[in-house]
Amino acid sequence: MLTSLLLTQNGIKTRIIDQESRTAGHSYSCALHPRSIELLHQVGLAADAIEFGRRINSVGFYEGGERRAEVKLSELPVEYPFALVLEQSTLENMLEQRLRQAEVRIQWDHRLASLEMDDRGATADIEKLGMTGKGYGVPDFDAGVKDNLQGRAEFVVGADGSNSLLRAWLGIRFERAGAAQHFAVYEVEVGGACGHEARVVLDDNTTDAMWPLSDTRCRWSFQVNPAAEGDDFPQKVRDRLVVVEPPGQKDSLHQLGWLLNDRAPWFQSPVQEVVWATDVQFEPRLARQFGRNLCWLAGDAAHQTGPVGMQSMNIGFREAADLADVLTQILRKGGSKDLLKGYDRSHWREWWQLLSFRAGAPSTDAASEWVRRRATRIVGSIPASGEDLTCLLKQLGINFQSASAPRDQPA
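Keep in mind that what you see is a predicted model, and the values were worked out from it rather than measured.

Q: Mind laying out the overall build of the protein chain, listing which residues take part and the relevant values?
A: Assigned secondary structure in the protein chain consists of 11 helices and 21 strands. Burial analysis of the protein chain (411 residues in total) assigns 49% to the buried set. For the protein chain, restricting intrachain contacts to residue pairs at least 6 apart in sequence, the fraction spanning at least 24 positions comes to 75%. As presented, the protein chain carries roughly 19900 Å² of accessible surface, and 46% of it is formed by carbon and sulfur atoms.

Q: A description of the nonpolar core should follow, citing residues and the corresponding values.
A: The biggest cluster of nonpolar side chains holds 100 residues, and the ones touching the most others in it are L32, L40, F61, W211, I378 and I382. Here the element with the most residues in this core is helix 7 (residues 311-333); it accounts for 10 residues. Not counting chain neighbours up to four residues away, the residues in contact with L32 comprise I37, L40, A83, L84, L86, L91, M313, N314 and F317.

Q: Just give me the short version of the packing of helix 2 (residues 34-42) against helix 7, but keep the residues and values in it.
A: Put simply, helix 2 and helix 7 touch, their axes get as near as 9 Å, and they point 40° apart. One way to sum up the angle between helix 2 and helix 7 is to call them oblique. Our pair here, helix 2 against helix 7, has a crossing hand that is left-handed. Of helix 7, the residues touching helix 2 (which contributes R35, S36 and L39) are N314, F317, R318 and A321. Among the residues making up the contact of helix 2 with helix 7, the classes are represented as three nonpolar, two polar and two charged.

Q: An account of the environment of Q107 is needed here, citing residue identities and associated values.
A: Along the chain, Q107 falls in strand 7 (residues 106-108). Separated by 92 residues in the primary sequence, Q107 and R15 have C-alpha atoms spaced 8.0 Å apart. Excluding residues that lie within four positions of it along the chain, Q107 makes contacts with R15, I16, I17 and D18.

Q: So, the sheet that holds strand 19 (residues 291-292): which residues are in play, and what are the values?
A: Spatial ordering of the open sheet is given by 11-20-19, a layout of three strands whose pairing is mixed. Each edge of the open sheet carries a strand with a single partner, namely strand 11 (156-158) and strand 19. Relative to strand 20 (residues 295-297), strand 19 is paired through two bridges, and the arrangement is antiparallel. Counterpart to G291 in the pairing with strand 20 is W296.

Q: Break down the packing of aromatic side chains for me, with residues and values.
A: Aromatic ring pairs are defined here through the distance separating the ring centres and the angle between the ring planes. In the structure shown here, the tally under the stated rule is 12 aromatic pairs. Taking the centre distance of 6.2 Å and the plane angle of 85° together, the rings of Y80 and F82 count as edge-to-face. Look at Y80 and you get buried, because its relative accessible area is 11%. Taking NZ or CZ as reference, R167 lies 3.8 Å from the ring centre of F174, over its face.

Q: Tell me what's going on with unusual backbone geometry, and back it up with residues and numbers.
A: The phi dihedral of E103 is positive, around 65°, even though this residue is not glycine. Structurally, E103 is set in the loop between helix 4 (88-101) and strand 7. Since its relative accessible area comes to 74%, E103 is described here as exposed.

Q: Account for the environment of G192, with residues named and values stated.
A: Its place among the elements puts G192 in the loop between strand 13 (181-190) and strand 14 (197-202). Placed 24 residues apart in sequence, G192 and T216 show a C-alpha to C-alpha distance of 5.9 Å.

Q: Explain the sheet that holds strand 15 (residues 207-212) to me, and be specific about the residues and the numbers.
A: Hydrogen bonding along the main chain pairs the strands of a sheet, whether they run parallel or antiparallel. Spatial strand order, 5-4-14-15-16-13-17: seven strands in an open sheet with mixed pairing. Two strands bound the open sheet, and with one partner strand each, they are strand 5 (66-72) and strand 17 (271-282). Averaged over all adjacent pairs, the angle separating strand axes in this sheet is 20°, with direction ignored. Taken together, the four bridges between strand 15 and strand 16 (residues 217-224) define a ladder with antiparallel strand orientation. Note on strand 16: the bridge partner recorded for A209 is S221.

Q: Hey, could you go over helix 4 for me, with residue numbers and the actual values?
A: Under the 1.5 Å per step criterion, the end-to-end length of helix 4 is 20 Å for 14 residues, consistent within 8% with the ideal 20 Å. For helix 4, the complete set of buried residues consists of Q88, S89, L91, E92, M94, L95, E96 and L99. Count one or two residues on from helix 4 and you reach E103, which has phi positive near 65°.

Q: Talk me through helix 8 (residues 339-356); I want residue IDs and the actual numbers.
A: Its 18 residues give helix 8 an end-to-end C-alpha distance of 26 Å, which sits within 8% of 26 Å, the value for a rise of 1.5 Å per residue. Along helix 8, the residues classified as buried are L340, Y343, D344, H347, W348, E350, W351, Q353, L354, L355 and S356.

Q: Got a sec to walk through the confidence of the model for the protein chain? Specific residues and values, please.
A: Detailed reading of the predicted coordinates is not advisable wherever pLDDT falls low. The pLDDT averaged across the protein chain works out to 88; a share of 86% of its residues lies at or above 70. Here residues 236-247 is modelled with pLDDT under 50, and outside its nearest four sequence neighbours on either side it reaches 21 contacts, counting other chains as well.

Q: Residue-level account of the packing of helix 7 against helix 8, with values.
A: Two elements in contact, helix 7 and helix 8, have axes separated by 9 Å at closest approach and are oriented at 165°. In terms of axis orientation, helix 7 runs roughly antiparallel to helix 8. Between helix 7 and helix 8 lies a crossing whose hand is right-handed. Each of Q311, S312, I315, R318, E319, D322, L323, V326, L327, Q329 and I330 in helix 7 lies in contact with helix 8, whose residues at this interface are L339, L340, Y343, H347, E350, W351 and L354. Its residues assigned to classes, the contact of helix 7 with helix 8 comprises 10 nonpolar, four polar and four charged.

Reading the values: rules and limits
Here the residue numbering is sequential within each chain, running from 1 through the sequence in written order. Given that the model is predicted, a residue must reach a pLDDT of at least 70 before its local features are reported, and side-chain atom pairs must reach 80 or more before they are shown or counted; all residues, however, enter totals for whole chains, interfaces and linings. As a rule here, side-chain values cover all heavy atoms of the structure and leave hydrogens and water aside. Only DSSP runs of H or I with at least four residues qualify as helices, and only runs of E with at least two residues qualify as strands; both kinds are numbered from the N terminus onward. Using a 1.4 Å probe on the protein chains alone, a residue whose accessible area is under 20% of its type maximum counts as buried, one over 50% counts as exposed, and one in between counts as partly exposed. It only takes one pair of heavy atoms within 4.5 Å for two residues to be counted as in contact. Note on areas: Shrake-Rupley with a 1.4 Å probe; residue coverage comes only from the protein chains shown. Put simply, a nonpolar core is a bunch of buried Ala, Val, Leu, Ile, Met, Phe, Trp, Tyr and Cys residues held in one set by side-chain atoms that sit within 4.5 Å of each other. For helices, the fitted line uses only the C-alpha atoms of the stretch in contact; every axis is such a line through C-alpha atoms, and the angle between N-to-C directions lies from 0 to 180 degrees. Should an angle fall under 35 degrees it is taken as roughly parallel, and over 145 as roughly antiparallel, whereas 65 to 115 is taken as roughly perpendicular and any remaining angle as oblique. A clockwise turn of the near helix away from the far one marks a right-handed crossing, whereas an anticlockwise turn of less than a right angle marks a left-handed crossing. Each residue is assigned to one class: nonpolar for Ala, Val, Leu, Ile, Met, Phe, Trp, Tyr, Cys and Pro, charged for Asp, Glu, Lys and Arg, and polar for all the others, Gly among them. Strand pairing is assigned whenever DSSP identifies at least 2 bridges connecting the two strands. Two rings from Phe, Tyr or Trp (for Trp, the six-membered ring) form a pair when their centres are within 6.5 Å of each other. A pair whose planes differ by under 30 degrees is stacked, one over 60 is edge-to-face, and the rest are tilted. We count a charge as sitting over a ring when the NZ of a lysine or the CZ of an arginine lies within 6 Å of the ring centre and within 35 degrees of the ring normal. Between the first and last residue of a helix there are one fewer steps than residues, each counted as 1.5 Å, and that sum is the expected span. pLDDT runs from 0 to 100 and stands for how confident the predictor is about each residue.

What follows is the structure, given as structure tokens:
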């Protein structure tokens, strides 16, 4: 949606297809980095996002009940020196509304079936999905293909998530960059002020995080050991029905209470309600390339990492902006298609740096021993990227330097 908005502002016609039926039904990735807020400003949404969101001015780091370190986003030399907690469902609805104002409609329930490319562009076969009925008297309804359509475009952008159809169609490998991480996520109402600080608990083997959503609501993510490892990244729930007393409420409260007592004894606000809960697996991965020819990837279609710093979605916003800029230069200013190789190279290297950073990486004398031992996980726990991330890590004494990329990776 962001890619489309930026291209539309530059006079380039876009068409969005999405096999889902609507925007997300829950908050999911809920924090915007300072640079993401700047991008929302470019499409006229920053003011609304700030009005509906919650500012996060700092990130505190804990081990059990002891506070160990902090970083202050308020000291960043940027236009928006804070992170912004905003439910993904709310953000997507804002983007969809702005697209409608720009006369761009998302074609929900449409799925890419195949692509063919020639010298002038790409031809896409698109399946329109819907409920189909069969039988007599009492029809039997089932999800299926209602119609087959065709679309023509000069370029195709795959911002279709970790289970990307476009990446699979291109045959680009989605390579593992670390062990799978499993989290139990709880969005809860509490009987106390949640504040304006995100808090990360770094024990010897687990990373947990609390994000305030409002004065009385927060999100907890606890790293856990699952009974079994999943295959694909789970699909997001699109249903907006609110269940007053969801099944398993007592079990969720019991498990959450145990986790809080064990890992975050400093969190004293009584939990009054579990609004929703889920289990999710994140597996650090990086696409071998960010695209080729006329087809290019952005966001989770090209990478995945842990959820604590919410870096995959936010860096994906920067990729959307850079890709929109490159495509504008090619389509409106006579730029060379080789500019896309630069997009591929720069963003692939950024992710290689993030995913290859190790605990033995350089740190200064200002870093405490606790920070040194947990430097790898701290890097992935801060809501920032690029120069902002480097700046915030310096507050802790961590020198965030680029790792050397393998020679056989994209040039």
